[in-house]
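Breakdown of the fold
Residues per chain, in single letters:
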Amino acid sequence: MIRSLPNSKPYTWSFNLFIIAYFTFLFAPLAVTCILAFNDSNFPSMPWNGFSLDWFTSPGPERVGIFHDDQNLRSIWTSFQTAFYVAILSTVVGTCSAFLFEQEEFPFKKSLYFLMLAPLVIPGVILGISLLLAANTAGTFFEESFGIDVGIFRPSFWLVVLGQFSFITTFVTLVVSARLKKFDNSLEEAAMILGATRLEAIWFVTLRYLRPAVIGAAAVAFLMSFENFNTTLFLVGSEPTLPINLYLQVRDGSTPVINSISLLLISGTSILALFNLYFSKKED
Amino acid sequence: MMGNGFRITFWLFLSPVLLWLFLLIVIPHIDLLLLSFRGESDMGDPIWTLQNYKNFFIEPIYWYTFLRTALYAMITTFCTFILALPVSFYIVKLARPRTRGFLTVLLLLPFWVSELVRVYGWMILLRESGVFNYFMLKMGIIDQPIEMLYNDITMIMGLVYTSMLFMVVPLISVMESLDDSLIEAAHDLEASRFDILRTIIIPHCKPGITSGSIVVFMLALGNYLTPNLMGGKNSLWFTEQIYNQFIASFNWNQGAAFGFLLLVLSSVIIWVGLKVTRQNLGEVAS
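Residues numbered from 1 in each chain as written. Chains lettered and ligands numbered in written order. Predicted model: local features only at pLDDT ≥ 70, side-chain atom pairs only at ≥ 80, totals over all residues. Heavy atoms only, no water.

**Some words on the overall build of chain B**
Counting secondary structure elements, chain B contains 14 helices and two strands. Relative to the compact-globule value of 19 Å for 286 residues, chain B shows a C-alpha radius of gyration of 24 Å, a clear excess of over 25%. Based on the C-alpha atoms only, the size of chain B along its principal axes is roughly 80 × 80 × 35 Å. Taken over 286 residues, chain B has a buried fraction of 51%. Total accessible area computed for chain B in this model is approximately 13,800 Å², and 67% of it derives from carbon and sulfur atoms. Both charge centroids of chain B, one from 17 positive and one from 19 negative side chains, sit 6 Å from each other. (Helix = DSSP H or I, 4+ residues; strand = E, 2+ residues; numbered from the N terminus. Rg over C-alpha atoms; globule rule 2.2 N^0.38 Å. Buried < 20%, exposed > 50% of the residue type's maximum accessible area, 1.4 Å probe, protein only. Areas by Shrake-Rupley, 256 points an atom, 1.4 Å probe, with all protein chains shown as cover. Lys, Arg positive; Asp, Glu negative; His and termini not counted. Charge placed at Lys NZ, Arg CZ, Asp CG, Glu CD.)

See the structure below:
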């Protein structure tokens, strides 16, 4: 049954086979996507026509590789910018929120904590539409009362940032809180007895201690933002992010350039993930 | 110790959190609720109305899609659990300690990759001109390519695949705290494997099962990408109805009503799940 007990051969073998099958199931779609990025063909499908880098480097006009595909490159850049701002914003606010719920006592703390967790259970699509509606209401209000047109209230880059920020901050809070729970408060008190103000103590002592968790949370926030689809779908304006842009291409018939983008994404995220894992290992 | 410095830091922490939660979560959802009760009179003037909700109950396609989505999300959650239980059991209790870390990393990696890429991979594999069909034709298993996309089973498989991680991770962490000696004792007393599973492993894993199920259920319910791309036109997923109201028909009030109904559905089911297993959201989140 478990390692320490004698197990029958058929039991061990069938379990091993199951695990192999499971991992094949996990990796098959990714592996096939990557392999077909190098196929010398105009469609992302078999048969194998030989190895080619066309879908990465070809300048067109027949095959446009990803490095020459302006539209896709632009959406990658948009996603980078979005993820950058979301990561910074949500890390700052999420860290504040972790301090608030771990170290402060105040009335209605329980209810506010519950509210902070709410984005975990609100479907992303609902977050997107409610923000779209509220932004629209606010935009109409400003236009009718003051006669000014506020760009941020229309589907746009910043509305996407706000939409993603609204739920990613909850994840940052949870990650930073988990580390803050292990913090020995007497360190902060010692700093204050030695004359530091509370802010100084937090800045020089607590935040130093939290650094690995904060960096890890920022990396997770960056990735979550980079890949977000559901919330972004309703808030996106004239600058589509990469997932939205890819979705439109996949839906309307695809070329292997999507495979090459996928390959880049898979390698990029794997590196970031391993990096993050390495850091969180060091932390323990 | 409650000097001035404490109050300053308190407000420093509280104000961004309040701004975030009220401006981006509370007010938008109140707006969603209010707008779902708005509509136009016969003269075209804006009025308060229940019409949006009436439409939902009158048009069979709407509530049929709603129920179907809820049912399929539950089936997805159940399948994910059935698949995740042996996987996490193997990793925690059967794999050698050295392969264990490696397997865990391997398990997590695909989920860092965008959902769109994963769904796209399945589309390449399963479609009529896909890789599976190519090899099956080559090997002579079939004479005609089969369209394996755009049916309910494929769609559920896709949903299980995309939300797998959120079941495996809580199960692994909860199984790590399960004392091996309990299983050894049961084994010595000649309990069958099934009995050990039923009376020791599952009861011990309950908190992990609950939190995993909640997250998987919610993700499946609110998913748009997987049903849309793998289920095709027949997928009839409720998020697609919401999308259609917003983007295609431009009927935002109707869309708001649908959105609110979906929110109520997911909250009710999560609440029931927590009640039945006697847990609260705070425990589950941690």
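From this point, the narrative continues.
**Concerning the interface of chain B and chain A**
Chain B puts 90 residues into the contact, and the matching count from chain A is 93 residues. Summed over both sides, the interface of chain B with chain A buries roughly 8,500 Å², with 81% coming from carbon and sulfur. For chain B, the biggest contributors to the area lost against chain A are Phe13(B), Trp20(B) and Trp112(B); these three give 10% of the whole. At the boundary of chain B and chain A, one finds zero salt bridges. The tally of links between chain B and chain A comes to eleven residue pairs in polar contact (both at pLDDT 80 or more). Residue composition of the side of chain B that touches chain A, grouped by class: 67 nonpolar, 15 polar and eight charged. (Contact = heavy atoms within 4.5 Å. Buried area = accessible area lost by both parts, 1.4 Å probe. Salt bridge = Lys/Arg side-chain N within 4 Å of Asp/Glu carboxyl O. Polar contact = N/O pair within 3.5 Å; in protein donor to acceptor, adjacent residues only side chain to side chain. Nonpolar A, V, L, I, M, F, W, Y, C, P; charged D, E, K, R; others polar.)

**A few points about unusual backbone geometry**
Glycine aside, a negative phi is what most residues show, and trans is what most peptide bonds show. All names here are of chain B. At Tyr150, a position not held by glycine, the phi torsion is positive, near 60°. Inspection of the secondary structure puts Tyr150 in the loop between α6 (131–138) and α7 (152–163). For Tyr150, a relative accessible area of 36% gives the class partly exposed. Positive phi, close to 55°, is recorded for Phe250, a residue that is not glycine. Position of Phe250 relative to the elements: it lies in the loop between α12 (238–248) and α13 (252–276).

**Details of the packing of helix α3 (residues 70–103) of chain A against helix α10 (residues 242–251) of chain A**
How two helices sit against one another is set out by the angle between their axes and by the gap between those axes. Residues and elements named next belong to chain A. Contact geometry of α3 with α10 gives a least axis separation of 8 Å together with a crossing angle of 145°. Packed against α3, whose contacting residues are Gln71, Asn72, Ser75, Ile76 and Ser79, the element α10 presents Leu242, Pro243, Asn245 and Gln249 at the interface. Looking at side-chain class alone, the contact of α3 with α10 contains three nonpolar, six polar and no charged residues. (Axes fitted to C-alpha atoms, helices over the stretch in contact; angles between N-to-C directions.)

**Describing the environment of Phe258(B)**
Residue and element names in this part refer to chain B. Topologically, Phe258 is positioned in helix α13. The class of Phe258 is buried, set by a relative accessible area of 0%. Spatially, the C-alpha atoms of Phe258 and Phe56 are 7.8 Å apart, while their sequence positions differ by 202 residues. What Phe258 contacts, discounting residues up to four positions off in sequence, is Phe56, Tyr62, Phe238, Gln241, Ile242 and Gln245.

**Observations regarding the packing of α3(A) against helix α6 (residues 157–181) of chain A**
Residue and element names in this part refer to chain A. Closest axis-to-axis distance for the α3/α6 pair is 6 Å, and the angle between their directions is 40°. Comparing their axes, α6 and α3 come out oblique. Of the two possible hands of crossing, α3 and α6 adopt the one that is right-handed. Split by residue class, the contact of α3 with α6 holds 15 nonpolar, 13 polar and two charged. (Parallel < 35°, antiparallel > 145°, perpendicular 65-115°, else oblique. Left-handed = near helix turned anticlockwise from the far one by under 90°.)

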